[in-house]
Each structure stands twice: as C-alpha cells, then as structure tokens.
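# Architecture at a glance
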Amino acid sequence: MGMFGKEKKACMQGPLLFGFHGGLQLQPNKRALQNSTDPITELEAPHELVIPLLDYNKNSIAPQVELNQHVNRGQLLAAGIIAPATGQVMAIEPRHIIHPETIKANAVVLEVDKASDNQSVHMANQANHDSTAWDTQLSAFLNMPDNVLQQSALYGLGGAGFPTASKLDAALGGIQTLIINAAECEPEIACDEALMQTEATHIARGIDALVQLTQCRHCLLAIEDSMPAAIDAMSAALKSINAQVKLTVIPTIYPTGAESSLIQTLTGRFIPHNEKPSDHGIVCFNVATAYALYQAIGGKALDSRVVSLGGSAMPNPLNVRVRFGSSVEAILLATGNASVINTARLRAGGPLSGFDLDTPQVPITAQTNALLAEPCITETPAQPCIRCGECSDVCPAKLLPQQLHWYAMSDDHEKCQQLNLDACIECGCCDLVCPASIKLTQSFRYAKSKAKHIAQHQQKTLDAEQRFALHEARVAKRKQEKAHAIEQRKQSLKARSKPQSDQIKAALERAKLSAKSKKPR
Amino acid sequence: MSTFGVIAVVALTIIVLIAMGALLSYLSRTGSEKHADPDAELIEAVNAVLPQTQCAQCGYPGCRPYAQAIIKNDEPINRCPPGGEQTIEQLSTLLGTPVLALDTSCGQQKPEQVAVIKEDICIGCTLCIVACPVDAIVGAAKLMHTVIADECTGCELCIPPCPVDCIDLIQPEQTAASWQWPKPAS
Amino acid sequence: MNIIVDKHATGVKARSTQTIMLLVLLALAPGILSYTVFISPLVIFNIIFAVCSAIALEWFAVHLRGDNGLNSIKDGSIALAAALLALCVPPALPFWQLFIGVLIMVMLGKQVFGGIGHNPFNPAMVGYAALLVSFPQSMTFWFTAAEWSAMGMQKPPLLSLLNAKLSLDIIASTPNIQWDGLTQATPLEHARSLRLQSLPQSSTELNQRAFGSGWIQTSLGFLLGGVFLLYKKVIRWHIPVSVIGSFALLSLLFSTNSLSLPWSLLTGAMMLGAFFIATDPVSAASSRRAQLVFGTGIGALTFVIREFGGYPEGFAFAVLLMNLSVPLIDHIDLLMSQRA
Ligand code: SF4
Ligand code: SF4
Ligand code: SF4
C-alpha cells in the first residue's frame, strides 16, 4: 500500500529488524512446555502405523512394497516415503488421513515389530553419541549431498511439508541469505522451542551443514523473544561449534513465522507471492528441518517429529516425539489424555492454521505440529460487514480481506485474482479482528481450492480437446490412408492392364500396318 | 448564492470530475487487441466454453464441430447436455443470444462420471479403444483394457460397442487432491 | 462445519459491531452534556424520541423484509444514527418533523439498501438533508435558552418550548417572536448574514457570540469524545484529520469570513461531523489511503458550501456528496495499489 501502509518498526538486539505489515499479538499459551517437566517425551512406536501414499501435492503414488513384506525402519515404501518403523506390511488399502474433512487415501498399514524396532532405536542412539564420526560424515555429505537427501526423505517440518531436496536445489544456485526459522508464532505450538532446548548442539550442527553446503554469505537464526531458554541454549551451542550463524531475536507478532513475514522482518524485503525467495537470494528452512538434516547426515532418516499436545481441555499437555503414521488416538492414549477423545474438540495444528478433526483414528504426518483439545463451542454467526477496515489493517499480505470476501462468496474468481487472493497466507488474522465475526479465512480457503479445482478442470478439458483433435486427425489420416491404398490398388491394377492393352493396340497397329504394306504390294 | 460562488462550485465540480475520469481511464487502460478472423475467433471462444466431453450428443462428432455449427449454421446453443445450463448461459452471454432451456432430445445433464472396465470380464476386443474420442482407454488386442480415469471425460461412447457389457460409469471419488474447502455459511 | 479459525485460543477478542456502536454512543456523552447545559436541554427529548422511534421503525422495516428485527436492533447502529440525527437538528424542531426525519433515515437511508453494511449513504445525513429541504424554516430555528427568555417569553423556557415541539407548527405557536432575528441565531449563520449584507464584521463580537451561544463548549465536548474514540481505536485518525485539515487549510487561504479559524472549526457541526459522522465505516471509503481522500473531500466541500452555498452549514451535503463518490475513490485506490 505504498506510502500510507504503516510498517511496524522494531529494533532489537543484533541487526536492524524491519517488521511487516499488520499482524497481531496473541496470547503466548504454550501449555505443552509450561505444564511438563521434560521438554520432549519420547514415545514408543505404536502397534500399528498408517502411512498414506501421497506426495507433496496430495496425489496418490504407487507403493514399492508388497503385502506381507517385511520392511526395515528407513526402507522406502514409495517414492519419497520411508518406513518409520520395522515391521510387516499388513495391508495396502484406503485409510482415513489427517484432514479437515474425513477423507480416505491409499495407505500402507505397518504392523510394528516391537523387538527389532527397539533395537533400531538403540542403535540409532548409540550412533548419536559417537560425535567423532560427525566430521567425516559431514564432509561425506558435503561431497555427495544427494545421497543423503535421497535416502532420508527429508520434508520441511514447518507445516507446508515441502520436500527439502528441491528447496536445497534452489539454494545451491547461489544464495546470499540463509534463514533458519525458529519463530513458532502460533499459540500452543511449542515443538520447535522444545527441540531447541533439548537438541541445541545437534541443531547447530545441522545449521552449520546447511551453511557450508549452500555457501551463503550470511545465515540468520530467528527466534522469538518469548523463548528465552531456547535463545540461551542455541547461542551457547552455536558458539561452541563456532558456526557462522547470527542469532536474531525477533518480536513475537503473529504471523512472524510465516515465510514471507519472516523474510520481511529480517531483510525488509517484501517478496510477492508469485516469486520465490530464492529468486531474491534467500532461502528459509525450519529449525526442525535443520535438526532432521543433522540426523540424516548421521544416517538416520526422517521418520518422527515432535508434536505439541495442548489446548485448554488437554489434561496432560506435553511435547512428544512420535513416529509418522501413529494415530492421534494412540498418541492420546499413550500420554494419559484418552479422556479428551469423547469430551473435547480435537484439532490438528494450531488454533489459526490447524483444523478440527472428525475422528481420532487418523495418522499424523510430517506436517502435524500440534494436537489440541479445546472445549466444544458454538461460533457466533456472521453478521453483515460494516467495512471497518480492521481486516486490511492486520493483513500481513497487505490484502483487502473485506472486498476479497465479497468476491470469494460470489464465486467471482477473476476479481479474486485481481485482488491477489493467491497472496493470502491464510493466517486468520482478519478473522480475529472482524467485529462482524465473518468467516473470512474460510472463504479464502474455499475460493482458493475452488479456483485450483477449476484450473485442474480446465486443464483436463484442454487435454481432452487436444486428445480429441489428435484422435480425429488419426482417424482422418487412417481413412485417408485407406482411401489412398484403395486408389493405389486401383491404379496399379489399371497400370498392369494398360501395358497389355497397349501391346494389343501395338499388335493391332502392326497388323494393320503389315496389312497395308501388303496391299500396295 | 453569489455569482462568483456559482461559478466556483461549477468549475470545481467539472475540474474534479475531469481529473477523476482521466485518472480512472489512465489506470484501467488495456492494450488494444487485434482481430484477425472474427469467425474463427468466435469458434475458438465457443469451443472454449463447451465441456470437451466429446460425447456427440449434440449431433456433431465432437465439441469443435458443434462450435463450428453454432457460428456457421446458426445451430441453437442448447444442444449440449454435459455442459447443461451453465454452458448455455455462458454461450448466451458470449454470443448475445437469449438463454434457452436444454434441448432434452439430445440428453439430460448428469453429474460428473468416469468409465471403469471390469477387468476380469474384459476380453480385449479393442472395440472400446476405437470408440473413445479422447484416447483414454489403453490395452492391446486380446489383452485386458483399462480406463485412465484422469483422462476419461465420461462421454459414454465406449458403452454400446462393448460386446460383454463390462464397462460401468461411476461417480469419481473425493480424493485428497480433489478435495475443496467448504463455502462458509453467509 | 468444523471451526476454521479458533479465536478462543488466541486471546484476541475482537470488538463486536455492537460494542463499537455502544462505544461511539458513549463517546457522544460529553458533547451531549455540554449541549444540554450550554445550548438547550431540549436535545435530551430529541435524542430519546429519535432513538425510540428509530428502533421501532427499524424493527418494523426488518420485520417486513422477513428477517429477525431484534437482531438488527441489537447491533446498536440505528440507535447511534438516531442520536446523531437528533444532535444535528435544532432543539426546538417539532416532534412530528423529527419523526419524519427518522422515518426517512431508517427507510430511505438504510433499509431500502438492505440494512447495516449495505447503505451507501450515511443514514443520519440522509434524514437530516431531507428535513432541511422539507422544513427549511424550523430547521434553521436555532437559539439558546438564554436567548429564549431574553425575548420575554412568559412561561419557563423549557416548558413553553416543549409545548411548541408538540404543536404542528412551531412558528404559529410562538407568535410573539421576531422570527427574522432568531433564524440567524447560530454564530455561523450570523457571520454569514453579516457577510452577505456586507455589514462590518467584528471578529471579537462574533467570537464572543460564538462562546456565548454554547457552541464552542459543545464542540469541545464532541472533540473530547472523538479523542476517546481515537484512543480506543474505534476510529482511525485518517478521516477526522483529513476533514479538519482540508477545511482549515482552505479557510486559512480563502475564507472571506471574519470568524477566526479555531472558532469556525468549533462552531457548527465540524467536530461532531469529523469524528462521529464522516467516520461511519459503512458509508466511508474503505482503505486508509482512500479515507484520506474521502475526508479531504468532505472538508473541502464543507468549506465551499459554507462559503458560497445557500446554507450556513454544509457538512451534511458534503458527507452525502462524498458518500456518492466512495465507489469511485475505492476503485481508483484499488487500481493504484495494483499498479504499485
Ligand atoms: S473486519 Fe469484518 S466488518 Fe470490518 S471490514 Fe473486515 S470484514 Fe468487514
Ligand atoms: S488470512 Fe489472508 S486475508 Fe486474512 S489476514 Fe491472513 S493473509 Fe490477510
Ligand atoms: S454434446 Fe458432447 S460433443 Fe457435443 S458439445 Fe457437448 S460435450 Fe461436446
């Protein structure tokens, strides 16, 4: 909004911070950390793991294992998907996935072999303690990064679940600034903070590996000012390994953890939604991804994550490390939170970016950063918009939510595009301040998914048209070829009969001639 | 009101309006477009609106031929059942003709569907491959055939030729990729 | 459907529309108080009468549309609009005329467009403009209680005025009064008539008159309320500042009025208008940048109408004219931000 858009300016310790448009200060509830003694509790793999066969774009992919096959922890189940535990493939069938509306997807169902799985945990722990090996492992990784990346199926753990390998590819093209995102701006989510408190050294090594791999000019680790313990742990760890990383403390303003807001806060650059940060020489990784990379370099694939159990109705809030594919129900049972299953509203993800769950029998994935139990509430019905403009004041993407909402609800996708709907990061700030309780964010999610659907449909239509044209052309060609062949056949028949008739003619001519020549004689 | 006042108000109004108009036209200007062959362009536009199911229910061997017929032979715009009301409306705005009810002699509008071959019954006769207008069926003679669900338009043209009636039409299932957020109650 | 944005866990409590309207009503209190004390206590009757009839009419109109009338009364917007209308009309306006103003405000100003959020014009100003055009004489009948008794009215002023307000025609019911003298009772009108008759304007005399009539005090009350609204972030600075700023600038440069600048800001409807009327979110421009343009337009038009127009106060028409151009301003603003 150019000249009158007000940008929050904040100058904290370290480099100058720039801030971003809008945003909100939220209650920094972190029950998962505040109410338990251990920052992270390790959970055993449950009896059954369900691993949906979906890629980053949620398209189905084919399994590379068979029914009843025995798989080892870390073995590939499908392209980019690894087995989170040792066990046997019990089924490959459609199963419920973690999703806003109950939906099924083809999944590998693993029965965990507890004995050999425990052994694998034990071995992994031993490998972790062997720190002299790190330098060799790191140099091996720096020489052949692809080996590690392919084997360990790294995904971004920030929420979007973007494959790390493709992001690193972009980063290898030469970047200026590497940003490690440790700003966990949503209330109730404390997994990154807990990880930094317990695994600071390993995270520091992971970050160091990223710095060395990308050869970036500078690397910033951004932590919110509301996590003093994590800040202390990380700065000590970075110092101890002498990493070229600048720890930057940023103010806790939601959604500062969103990639675009964070880049803006740290560098002052506003990256339009249709450009990638790497186009501007910037790449962002989540702090948990850096940790996963550390583990991957040490030979341990990414098969678990920290999940914050929280929410005001959670009896025993804490952070747990769980294998991918563990069901929400199993996690709640194992942590003494089983009572919430029937009494509270379960939610996957934070209060703003998450979604309510219809059933707890769904497996968690790399994107599940929190499981919340909240009391069941009835929402205030939406009232007419009074055009107060609060929504655009808080929008970090500098949009006009109020106008967008109008067009989103009337399915005017062209207007939505004009108003830059695609730039909406679905942060929910506009909902939080709207005096008329309008469901702005939902309408944007609706409009976006609908636009995507329409685009897919149009592509399909276009493809159908092209294939039809090809089909027609082929049919026509075949017809023509047939006609041509018949014609040729006729011609050749004629051609064969022609010389005959010529010969006869010639013979007749000759006969006539000889007769003539005889007459005068 | 003094004479000066009247003149001032009128002059101010005119100046402001002219300035706003100029600004508006400057801001909303678009590049001029070239029109080569109006007919061909119209056919393209009509074809883009048609659903490309290629089912031939309109009486033409596909959507493009029907589009040509609409422009060249003034064929009515209500003969496409897969497109239904929505397509008719779009066509009527595009061509500036009145909205008509769907000509049900061509067929009824149905929900989205795709064909599936019961693979254990299929005898591999290749008749459906020949019938499919969009090449969405793969298979070779005497071997099992299958439908590529993503490419099938649900045109039903493969159903009659099948000698063993092994092709069904089903409504495509909701998948994680096709799921949409529901619209909020307004 | 499931809950998408779980507000309850974030600690952010948005003010509801109702709270906003109530806060604005609360912010009107100091202005109403000084109006009652320094200009006329009759305003209290006007406010009560206008609010009650507006609520009844709103309920009726929404009911006719087939919606729940209670819901739309509850948000408080119509009560606020009615209070604003009552503050704009002269205290002695007969009740039946005020009722017509309220009727037009509710029906033509708001409900014909579909109720709150959909009205392009400020409802209170629609009612006010309709009254001004229909009943020019009683709509310019301004005086203070002191002036009233100074005119030698027999009964205690409040009672006799109430009596007049209940009558059909205020002018017929108070025959002893020199009407010509009274209709110029507000300082603005006085200054204007002096200017039009090319009489010498003494600024000290004008200023004294302004203070004596209670207008200054009342405007200060509204200013106080406005600052409260700004502090509470119910309104933003953009509209009031641009309205007052553009008006002040034009007055400084071109005014032929000898009323000094602070005085011309504090007499008339400038404070009430800039903080309470122009800031009505529904009929104002939407983005902050567009609001600056909107406010500047109101200030400039008010100046032009005050200076050259047929009415001594031009705020209502300025607001309505700028309401009319809101779609244009918003559109241009949007195109400009897309260019940027
Ligand atoms: S915050 Fe709500 S009421 Fe205010 S302008 Fe935005 S959508 Fe309208
Ligand atoms: S949800 Fe979208 S529109 Fe709303 S504040 Fe966030 S980015 Fe802006
Ligand atoms: S009826 Fe079938 S072939 Fe004809 S236009 Fe419609 S979809 Fe295309």
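Just so it is clear, the structure is predicted and the values come from calculations on it, not from any experiment.

Here we take up the overall build of chain B. Counting secondary structure elements, chain B contains five helices and four strands. Secondary structure elements of chain B occur, N-terminal to C-terminal, as α-α-α-α-β-α-β-β-β. Buried positions account for 33% of the 186 residues belonging to chain B. Of the contacts made within chain B by residues no fewer than 6 positions apart, 54% connect residues no fewer than 24 positions apart. About 10,800 Å² of surface is accessible on chain B, with carbon and sulfur atoms providing 59% of the total.

As a further point, take the overall build of chain C. A tally of helices and strands in chain C yields 19 helices and zero strands. The 340 residues of chain C split such that 61% are buried. For chain C, long-range pairs separated by at least 24 residues make up 77% of all intrachain contacts whose partners lie at least 6 apart in sequence. On chain C, roughly 13,500 Å² of surface is accessible, and the fraction owed to carbon and sulfur atoms is 69%.

This part takes up the site of ligand 2. Residues and elements named next belong to chain A. Surrounding ligand 2, one finds Cys395, Pro396, Pro401, Cys424, Ile425, Glu426, Cys427, Gly428, Cys429, Cys430, Thr441 and Phe444. Those elements that provide at least two residues to the shell around ligand 2 are α16 (429–433) and α17 (440–518). In terms of residue class, the shell around ligand 2 is built from nine nonpolar, two polar and one charged.

Turning to the nonpolar core, a few remarks are in order. The biggest cluster of nonpolar side chains holds 87 residues, and the ones touching the most others in it are Leu28, Met105 and Phe276 of chain C. Looking at this core element by element, the count peaks at eleven residues for helix α4 (residues 77–88) of chain C. Split by domain, this core shows at least three residues from each of two domains, domain 1 (13–183) and domain 2 (186–200 + 234–340) of chain C. Not counting residues up to four positions away in its chain, the partners in contact with phenylalanine 276 of chain C are Val24, Ala27, Leu28, Leu84, Phe222, Gly225, Gly226, Leu229 and Met271 of chain C. Grouped together as the second largest cluster of nonpolar side chains are 77 residues, Leu168, Ile203, Leu221 and Met227 of chain A included.

Let's shift gears to the interface of chain B and chain A. Often, the extent of an interface is quoted as the loss of accessible area on bringing the components together. Chain B puts 32 residues into the contact, and the matching count from chain A is 31 residues. Surface buried jointly by chain B and chain A totals about 2,800 Å² across both partners, of which 57% is contributed by carbon and sulfur atoms. Connecting chain B to chain A are four salt bridges. Arginine 64 of chain B is paired through a salt bridge with glutamate 465 of chain A; the nearest N and O atoms lie 2.8 Å apart. One can count 13 residue pairs in polar contact (both at pLDDT 80 or more) joining chain B with chain A. Looking at the side of chain B that touches chain A, the element that brings in the most residues is helix α3 (residues 63–73) of chain B, giving three residues. Residue composition of the side of chain B that touches chain A, grouped by class: 17 nonpolar, ten polar and five charged.

Quick look at the pattern of salt bridges now. Summed over all chains, the structure comprises 28 salt bridges over all chains. Between lysine 448 of chain A and glutamate 426 of chain A there is a salt bridge whose closest N-O contact spans 2.9 Å. Placement of the pair is lysine 448 of chain A in helix α17 and glutamate 426 of chain A in the loop between α15 (413–418) and α16, with a sequence separation of 22 residues. Lysine 448 of chain A gets classed as buried once you look at its relative accessible area, which sits at 19%. Here glutamate 75 of chain B ties to arginine 79 of chain B by a salt bridge, and the two come within 3.3 Å at their closest N and O atoms. Residue glutamate 75 of chain B shares its accessibility class with arginine 79 of chain B, and that shared class is buried. It is possible to trace a salt-bridge network through shared partners that takes in Arg345, Arg347 and Asp356 of chain A together with Asp6 of chain C.

Turning to the side chain of arginine 321 of chain A, a few remarks are in order. Residues and elements named next belong to chain A. Positionally, arginine 321 belongs in strand β13 (residues 318–323). Within the buried set, arginine 321 has no salt-bridge partner at all; the shortest N-O distance to an opposite charge, 4.3 Å, is to glutamate 42. At 2.9 Å, the side chain of arginine 321 forms a polar contact with the side chain of serine 304. With near-sequence residues (within four places) excluded, arginine 321 lies in contact with Ile40, Thr41, Glu42, Leu43, Leu195, Tyr291, Ser304, Arg305 and Val306.

This paragraph deals with the site of ligand 1. Near ligand 1 the following residues occur: Cys385, Ile386, Arg387, Cys388, Gly389, Cys391, Gln402, Cys434, Pro435, Ile438 and Leu440 of chain A. A per-class count over the shell around ligand 1 returns eight nonpolar, two polar and one charged.

What follows deals with the interface of chain A and chain C. With 48 residues of chain A at the interface, the matching set in chain C holds 36 residues. Of the roughly 3,600 Å² buried between chain A and chain C, counting both surfaces, carbon and sulfur atoms make up 55%. Viewed at the interface, chain C and chain A are joined by five salt bridges. The salt bridge involving aspartate 330 of chain C is made with arginine 387 of chain A; its shortest N-O contact spans 3.6 Å. Taken together, chain A and chain C are joined by 16 residue pairs in polar contact (both at pLDDT 80 or more). Breaking the side of chain A that touches chain C down by element, the ones donating at least two residues are β14 (345–348), α13 (390–394), α14 (401–409), α16 and α17 of chain A.

Before going further, it helps to spend a moment on the domain arrangement of chain C. Residue and element names in this part refer to chain C. Split into domains, chain C comes out as domain 1 (13–183) and domain 2 (186–200 + 234–340). Taking both sides of the interface into account, the surface hidden between domain 1 and domain 2 amounts to around 1,800 Å²; carbon and sulfur atoms contribute 76%. When the buried surface of domain 1 facing domain 2 is broken down by residue, Phe121, Asn122 and Met125 rank first, second and third, together holding 27% of it. Between the two partners, domain 1 and domain 2, sit zero salt bridges. If you look at where domain 1 meets domain 2, you find two residue pairs in polar contact (both at pLDDT 80 or more). Every element with two or more residues in the side of domain 1 that touches domain 2 is listed here: α1 (17–39), α4 and α6 (123–134).

Let us look at a nonpolar patch on the surface. Residues and elements named next belong to chain C. On the surface, Trp59, Phe60, Leu64 and Leu70 cluster together into a nonpolar patch covering about 440 Å² of accessible area. Ranked by residue count, the leading element in the nonpolar patch is helix α2 (residues 42–64), at three residues. Structurally, the position occupied by leucine 70 is in helix α3 (residues 69–74). Look at leucine 70 and you get exposed, because its relative accessible area is 54%.

Residue and element names in this part refer to chain A. If you trace the backbone, glycine 310 turns up in strand β12 (residues 304–310). On the basis of relative accessibility, which here comes to 0%, the residue glycine 310 falls in the buried class. Here the alpha-carbon distance between glycine 310 and asparagine 337, two residues 27 residues apart in the chain, equals 10 Å. Once residues within four sequence positions are removed from consideration, glycine 310 is found in contact with Glu188, Pro317, Leu371, Leu372 and Ala373.

This part is about the sheet that holds strand β16 (residues 370–374) of chain A. Residues and elements named next belong to chain A. Strand order in the open sheet formed by six strands is β1-β13-β12-β16-β14-β15, with mixed pairing between adjacent strands. Every interior strand has two partners, whereas the edge strands, β1 (41–42) and β15 (355–356), have only one. Alignment of β1 against β13, held across two bridges, turns out to be parallel. Paired with threonine 41 across the strands is valine 320, a residue of β13. Here helix α6 (residues 191–198) sits on the sheet in contact with β12 and β13, set at roughly 120 degrees to β12.

All names here are of chain A. The four strands are arranged β10-β9-β8-β11 in an open sheet whose pairing can be described as parallel. In this open sheet, the two strands that pair with only one neighbour each are β10 (246–250) and β11 (282–286). Across the sheet, the axes of successive neighbouring strands diverge by a mean angle of 25 degrees, strand direction being ignored. Pairing analysis gives five bridges linking strand β9 (residues 218–224) to β10, with the strands arranged parallel. Following the sheet pairing, alanine 222 is matched in β10 by threonine 248. Running at roughly 160 degrees to strand β8 (residues 177–182), helix α7 (residues 200–214) makes contact with β8, β9 and β11 of the sheet.

Reading the values: rules and limits
- Residues numbered from 1 in each chain as written.
- Chains lettered and ligands numbered in written order.
- Predicted model: local features only at pLDDT ≥ 70, side-chain atom pairs only at ≥ 80, totals over all residues.
- Heavy atoms only, no water.
- Helix = DSSP H or I, 4+ residues; strand = E, 2+ residues; numbered from the N terminus.
- Buried < 20%, exposed > 50% of the residue type's maximum accessible area, 1.4 Å probe, protein only.
- Contact = heavy atoms within 4.5 Å.
- Areas by Shrake-Rupley, 256 points an atom, 1.4 Å probe, with all protein chains shown as cover.
- Near = heavy atom within 4 Å.
- Nonpolar A, V, L, I, M, F, W, Y, C, P; charged D, E, K, R; others polar.
- Core = buried A, V, L, I, M, F, W, Y, C linked by side-chain atoms within 4.5 Å.
- Domains from an automatic or database assignment.
- Buried area = accessible area lost by both parts, 1.4 Å probe.
- Salt bridge = Lys/Arg side-chain N within 4 Å of Asp/Glu carboxyl O.
- Polar contact = N/O pair within 3.5 Å; in protein donor to acceptor, adjacent residues only side chain to side chain.
- Lys, Arg positive; Asp, Glu negative; His and termini not counted.
- Patch = residues over 30% accessible without salt bridge, like charges linked within 9 Å, V, L, I, M, F, W, Y side chains within 5 Å.
- Pairing = 2+ DSSP bridges.
- Axes fitted to C-alpha atoms, helices over the stretch in contact; angles between N-to-C directions.

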